[in-house]
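# Inside the fold
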Amino acid sequence: MPAELETVERVRRIDVDQYRYGFETIIESDKAPKGLSEDIVRFISDKKDEPEWMLEWRLEAYRRWLTMQEPTWARVDYPKIDYQDVYYYSAPKQKKALASLDEVDPEILKTYEKLGIPLREQEVLAGVVRDEGETDGEAPRRVAVDAVFDSVSVATTFQAELKKAGVIFMPISHALREHPDLVKKYLGTVVPTSDNFFATLNSAVFSDGSFVYVPPGVRCPMELSTYFRINERNTGQFERTLIIADKGSYVSYLEGCTAPQRDENQLHAAVVELIALDDAEIKYSTVQNWYPGNSEGKGGVYNFVTKRGDCRGKNSKISWTQVETGSAITWKYPSCILRGDNSRGEFYSIAISNGYQQVDSGTKMIHLGKNTTSRIISKGIAAGKSQNTYRGLVSAHRKATGARNFTACDSLLIGDKCGAHTVPYVEAKNSSALFEHEATTSKISEDVLFYCVQRGLTQEEAVGLVVNGFVRDVLQQLPMEFAVEAQKLISISLEGSVG
Amino acid sequence: MNLALVKPTMDGAASDVFAIARDRLPGKGPVAEVRQAAFEDFAQKGLPHRRVEEWKYTDLRVLLREVAPLAAPPDQAVLDRAKKTLASLDVNGAHRLVLVDGAFAPQLSDTTSEAGVAVQTLRAMLENADVAARADLLRTNVASDAMISLNSAMATDGAVIDVTENAAPGKPIHIVHVATQSKAAAFTRSLVKVANGARVTLIESFVGADGAAGYQAHDSVVLWAGDGADVQHIRLVEDARDAANIATAIVTLGERTQYRAFNLTSGGAVCRYQAFLRFGGQNAHADVNGVSLLNGRQHADNTLVLDHAVPNCTSNEVFRAVVDDQAHSVFQGRINVHPDAQKTDARMMTRALLLSDEAEADNKPELEIFADDVQCGHGATTGALDDSLLFYLRARGLPEKEAQALLIQAFVGEAMESIADETLRDVAIATAERWLAARG
Amino acid sequence: MSALLEVRNLQVRVEEREILHGLSLTVNKGEVHAIMGPNGSGKSTLSHVIAGKPGYEVTGGEILFKGEDLLEMSPDERAAKGVFLAFQYPVEIPGVATMTFLRTALNAQRKARGESEYSTPDFLKKVRAVAASLNIPQEMLRRGVNVGFSGGEKKRNEVLQMALFEPSLCILDEMDSGLDIDALRIAADGVNALRSSERAMVVITHYQRLLNYIVPDFVHVMSKGRVVKSGGKELALELEESGYAQFEDQAA
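Right, let's walk through the structure included here. (Residues numbered from 1 in each chain as written. Chains lettered and ligands numbered in written order. Predicted model: local features only at pLDDT ≥ 70, side-chain atom pairs only at ≥ 80, totals over all residues.)

### Notes on the overall build of chain C
We count it as follows: Secondary structure is summarised from DSSP: a helix means a run of H or I of at least four residues, a strand means a run of E of at least two, and numbering begins at the N terminus for each. Neighbour density around each residue's C-beta defines its exposure: 20 or more other C-beta atoms within 10 Å make it buried, 12 or fewer make it exposed, and counts between make it partly exposed, where C-beta atoms are placed from the backbone. A pair of residues counts as a contact when their C-beta atoms, built from backbone coordinates, are separated by no more than 7 Å.
The helix and strand tally for chain C stands at 10 helices and 12 strands. Summarising its shape, the C-alpha atoms of chain C cover approximately 55 × 40 × 35 Å along the three principal directions. Counting over 252 residues, chain C shows a buried share of 42%. When contacts within chain C are restricted to residue pairs at least 6 apart in sequence, those whose partners lie at least 24 apart make up 72%.

In structure tokens, the structure reads:
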């Protein structure tokens, strides 16, 4: 079969140097000394001018972390990380607090311009990350952006307008100063400091991230988004995001990430906590495009992320959507604790791996309340020499009567040097729980490809067509601007994977 | 989860089990060395517990607590009790081999020779210094597992069966394990070699004699099925309601081999059946099916690992669990498709029916796929009986229990239907009917 | 002589919502009653409550069947007493062969009534005869109950059971839904063959069409949980002309 041979050939030549966001920004930065100790934790807390209780919280996490071991159960393989060889704090140098966006280092502004992330509100008004012709004729939607550059937030847009609606959207470091009570009330209540190795590390050293509070009954007037960028060499990024949707409120939040192309591995260990109170809804979308490493598997981001949502109130809903195309290693399980009666959790995922990427991702749906429902749609695509694992848990507690789950996880293999794995745990402790799980693994049918090619598509277009059909259910869950970007990203990620 | 302290070694009691039994274990020299090494492996691991991924849902440190001492060799009184038990267990026309408390009982077994079938006992082979490879009888090629190691260390007897090339014995071979002693453990290993082109049915039954309580049956079966062989393998676990049954099957298939397995668990307090099946030749097919019927506080675990190591093989797994009262069903199924095992077609469907609010079912159907031109899928469902079906039946005049029984029978029927041999299918169906009748 | 079915001032709730607000209906042996009404008027609820489907809470009124309190009986007891509901959407029961199901149900009913069970040859003879009259092939009887049956086949299977079980009250819930004219005619012929002076029928339907095939003695119009008008078969034709709108106002 010549087509297959060609595929193999292309896979061999696959070059992830097509990574578009691999440039580096040369700026002066303010760094903590390399390595981790109580002093570094104090240094970070001091830099952020944090209240005393926060320092204690971090130190407790740090001491706990010293007793913990890195988890090994995931299907990912990487050389041992030397946690003393990482910078835990790095911030672009600045002399004083910024009064306006004009004072942001022009190099940083340029960086975000190059990434296509609008930090100037008027640009946003003119239209966001528009695809030519794609959104013509529609009023542009507005997106408020919090830009996190290495360890600090460099700009947050639309703060004034959001404030009018009562929505708090700011870097968590600011929130700790301006809304300490809110932060203290919710921080660590979904992902406790002792949760797991990486989350505990994050609790000790997190430097920035976004804080969102939507007051009761408020529908957040615009999409909120955070854009993460790792720039500095040997620097870990440990952001922490906390989103609270108070009773009857709604918020949609987007997250994007990129990093420069570097030979060494960069560590990223984030924690995201979502809390939805009675009748509230949070929609959280991620397009993860950290540097995946080069064609030999050198470099790339180690992405160890703990994301968890707590449907704390009745009738609350949390929906995770993720498009994972980047990172050398992805270790990520955005989960929902369905505590409130009638609450609902959703997980929609596209995970694409190519080159030497390793993905171990999935979700947990923990049904605790009555009549709770959840839905999991996972689409894994493995190409090149990558390994792509779905790992998920659905469980119904004894008291979670009427719990319902539907899970479909499908994997697509492109080429014969990659692996696709499915590891679901389905645990029912109650007879009125109804769980349905299905999974399939297959390759793109040669017949379908031939049919498309016979109708005039190139092999690559045909694969693109099939892949887009395969991931369609999930793409539809993304806010429109992101969906367009994500679709482009998917085709870039798979470039060179087919003949 | 990282802070857990895992007890690395066994306490004194378990070591004693081996030390006390050692002199009674057949085989000297190389055999004793294999036993020693196997026991050290077990002692180092200890009883499997929930932090051992493969035993996540069956924590033997909680469920079994300890390994019971080796059962005494059967005397005449014991054999008489065993004989009474056998009366209710006759599978029409089968060639019966009986192991009582872990010792082959020739008095109770069918010793007539049959064309194409040679039967020896494991004990005799282990003790026979002329058998050069006798120590290999206690070795396995399966990834390290504490309970396999324990079985290798302690195995006292079993059937060693050779089915010659192209033989097609008219009778099924029926290995019956009878336990008579309370709070004692039997350790058995049987080895079955089905040569190329042979056709055979193997049945295994596990039962307890009247009055036998709290015993442990530790068994393993190592089965090779050659090219073009056709093997039917039926297991019926009907142990006493407070007994434990920890069993392993290690199956290797040749080219064009047909292997059809069915495991029915209705007895025992704690049952674990782990089957490791490896496709060693192309164009082979395996059906690995099972039904668990559980109530009271029964715990039954079916763990199946299928290795598609070569191209062009197909497998199908159908598993059903009916779980009542506070019982707990576990199904773990892993399908490994090795690199280059192209054109593999592997399916797995597991369904659990929960009849009580305190029943529990855990399913872990895994796919590990390293080849691209494959069709693999699994499905898992858990739920109660469908109310609309129940109402339909009751509106047609069926009392509640009868309506439930009909739906339960239909639920397990799909898996039962896969038993090709009609007599054996009837045996399985009769077991299900007894279980349903006992539900009242 | 008491009525076969006597529904008195029936009030029914589903969860927190009252669906029937004091419905009364009397059906005597030999009569065919049609109950018509728009969607959501409570027609199907009435049929479900008579058959004893769980999930409905009777908050007031009573239902007497042959003078006995029907609400005190379990669904299977009602079936054995002679209540038969032909379902709007008959369920599929995979793994239970139709033949097995028929025999099990028939014998359960006979046993409950203290009658002897049918012998297998007698049973088979009976089923075959009825199946032939309804144009039901033997092959269908070997399949799982309703599994893979077309809409028409499912309804014919309901009629087959009706013929086999010989109930004294047949409730036909939206028998025409999902059927084309030919399928409807076959099913209706089957039903008509079962009309007798010893048996009553309650035909629930949204459309008058069905009543061209199964001609009722009485027609009741339901709206918003009550019977708002009763009359002879001409009432159905009247409805066909004027629609349900007039009654919705009355009930409000």
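So, next bit.
### Points about the interface of chain B and chain C
Here is the rule: For this scheme, ten residues count as nonpolar: Ala, Val, Leu, Ile, Met, Phe, Trp, Tyr, Cys and Pro. Four count as charged, namely Asp, Glu, Lys and Arg, and the remainder, Gly too, count as polar.
Facing 17 residues of chain B, the contacting portion of chain C comprises 21 residues. Elements that contribute at least two residues to the side of chain B that touches chain C include exactly helix 7 (387-395) and helix 8 (400-416) of chain B. Looking at the side of chain B that touches chain C, the element that brings in the most residues is helix 7 of chain B, giving seven residues. For the side of chain B that touches chain C, the class distribution of residues is nine nonpolar, three polar and five charged.

### Some thoughts on helix 1 (residues 43-51) of chain C
Burial of helix 1 of chain C is extensive: eight of the nine residues sit out of reach of the surface. C:G52 lies just past helix 1 of chain C and shows a positive phi near 90 degrees.

### Observations regarding the pairing of strand 15 (residues 314-323) of chain B
Residues and elements named next belong to chain B. As a reminder of what qualifies: By the convention used here, strands pair only if DSSP detects at least 2 bridges between them.
Most of strand 15 sits inside the fold, with eight of its 10 residues counted as buried. As paired strands, strand 13 (residues 285-294) and strand 15 are joined by 10 bridges and run parallel to one another. Considered in strand 15, the bridge of S292 is made with A321. Taken together, the 10 bridges between strand 15 and strand 17 (residues 345-354) define a ladder with parallel strand orientation. Among the inter-strand pairings, V323 is bridged to a residue of strand 17, identified as L354.

### A closer look at the interface of chain B and chain A
The partner chain A presents 35 residues to the 35 residues of chain B that form the contact. Secondary structure elements with two or more residues in the side of chain B that touches chain A: strand 17, strand 18 (360-369) and strand 19 (375-383) of chain B. The dominant element in the side of chain B that touches chain A, judged by the number of residues it contributes, is strand 18 of chain B, at 10 residues. The class makeup of the residues in the side of chain B that touches chain A is 16 nonpolar, 10 polar and nine charged.

### Considering the nonpolar core
For clarity, the cut-off: Take the buried Ala, Val, Leu, Ile, Met, Phe, Trp, Tyr and Cys residues, join any whose C-beta atoms are within 7 Å, and the set you get is a nonpolar core.
Ranked by size, the top nonpolar core spans 344 residues in total, and within it A:V212, B:V323 and C:I171 carry the most contacts. What B:V323 contacts, discounting residues up to four positions off in sequence, is B:L294, B:S329, B:A352, B:L353, B:L354, B:L355, B:A359, B:E360 and B:A361.

### Remarks on unusual backbone geometry
One non-glycine residue with positive phi stands out, namely A:N342, at about 60 degrees. Relative to the helices and strands, A:N342 is located in the loop between strand 16 (335-338) and strand 17 (344-353). You can call A:N342 partly exposed: it has 18 C-beta atoms within 10 Å. The residue B:K183 is not glycine, and still its phi comes out positive at about 55 degrees. Note on placement: B:K183 falls in the loop between strand 5 (173-179) and strand 6 (185-194). Accessibility expressed as a C-beta count within 10 Å gives 13 for B:K183, which makes it partly exposed.

### Some details on the sheet that holds strand 5 (residues 68-69) of chain C
Residues and elements named next belong to chain C. Quick reminder of the rule: Angles here are taken between N-to-C directions and fall from 0 to 180 degrees, while the axes themselves are lines fitted to C-alpha atoms, restricted in helices to the stretch in contact.
If you walk across this open sheet you meet the four strands as 2-1-4-5, and the pairing is antiparallel. Whereas interior strands pair on both sides, the edge strands pair on one side only; in this sheet they are strand 2 (17-27) and strand 5. As paired elements, strand 4 (residues 57-65) and strand 5 share two bridges and run antiparallel to each other. Bridged to L64 within strand 5 is D69. Sheet strands in contact with helix 1 are strand 1 (5-14), strand 2 and strand 4, and its direction is about 70 degrees off that of strand 2.

### Quick notes on the packing of helix 7 of chain B against helix 8 of chain B
When two helices pack together, their arrangement is given by the angle between the helix axes and the distance between those axes. All names here are of chain B. Put simply, the test is: Each angle gets one of four labels, with under 35 degrees taken as roughly parallel, over 145 as roughly antiparallel, 65 to 115 as roughly perpendicular, and the rest as oblique. Take the far helix as the reference: if the near one is turned anticlockwise from it by less than a right angle, the crossing is left-handed, and if turned clockwise, right-handed.
Packing of helix 7 against helix 8 brings their axes to within 9 Å, and their N-to-C directions diverge by 125 degrees. Taken together, the axis directions place helix 7 and helix 8 in an arrangement best described as oblique. The way helix 7 lies across helix 8 gives a crossing that is right-handed. Judged by residue contacts, L389, L390, L393 and R394 of helix 7 engage E400, A403, L406 and L407 from helix 8. Of the residues belonging to the contact of helix 7 with helix 8, the class tally is six nonpolar, no polar and two charged.

### A look at the sheet that holds strand 9 (residues 169-173) of chain C
Residues and elements named next belong to chain C. One open sheet holds the six strands; their spatial order is 6-9-10-3-11-12, and the pairing between them is mixed. Of all the strands in the sheet, just strand 6 (83-86) and strand 12 (226-231) have a single pairing partner and so form its edges. Taken pair by pair, the neighbouring strands of this sheet meet at an average axis angle of 20 degrees, ignoring direction. Taken together, the five bridges between strand 3 (residues 32-36) and strand 10 (residues 200-205) define a ladder with parallel strand orientation. If you follow H33 over to strand 10, its bridge partner there is V202. The strands that helix 1 touches are strand 3, strand 6, strand 9, strand 10 and strand 11 (218-223); relative to strand 9, the one it contacts most, it runs at about 145 degrees.

### Description of helix 8 of chain B
Since there are 3.6 residues in each turn of an α-helix, residues three or four apart along the chain are aligned in direction. Rules: Every helix has an expected span of 1.5 Å times one less than the residues it contains.
Helix length check: helix 8 of chain B, at 17 residues, gives a terminal C-alpha distance of 24 Å against a target of 24 Å (1.5 Å per residue), a fit within 8%. Taken residue by residue, helix 8 of chain B has B:A403, B:Q404, B:L406, B:L407, B:I408, B:F411, B:V412, B:A415 and B:M416 as its buried positions.

### Digging into the environment of C:K155
Residue and element names in this part refer to chain C. Within the secondary structure layout, K155 lies in helix 6 (residues 151-165). Residue K155 is classed as buried on the basis of its 29 C-beta neighbours within 10 Å. Through-space distance from the C-alpha of K155 to that of D76 is 21 Å; in sequence the pair is 79 residues apart. With residues up to four places along the chain from it excluded, the contact list for K155 reads M175, L179, A183 and A187.

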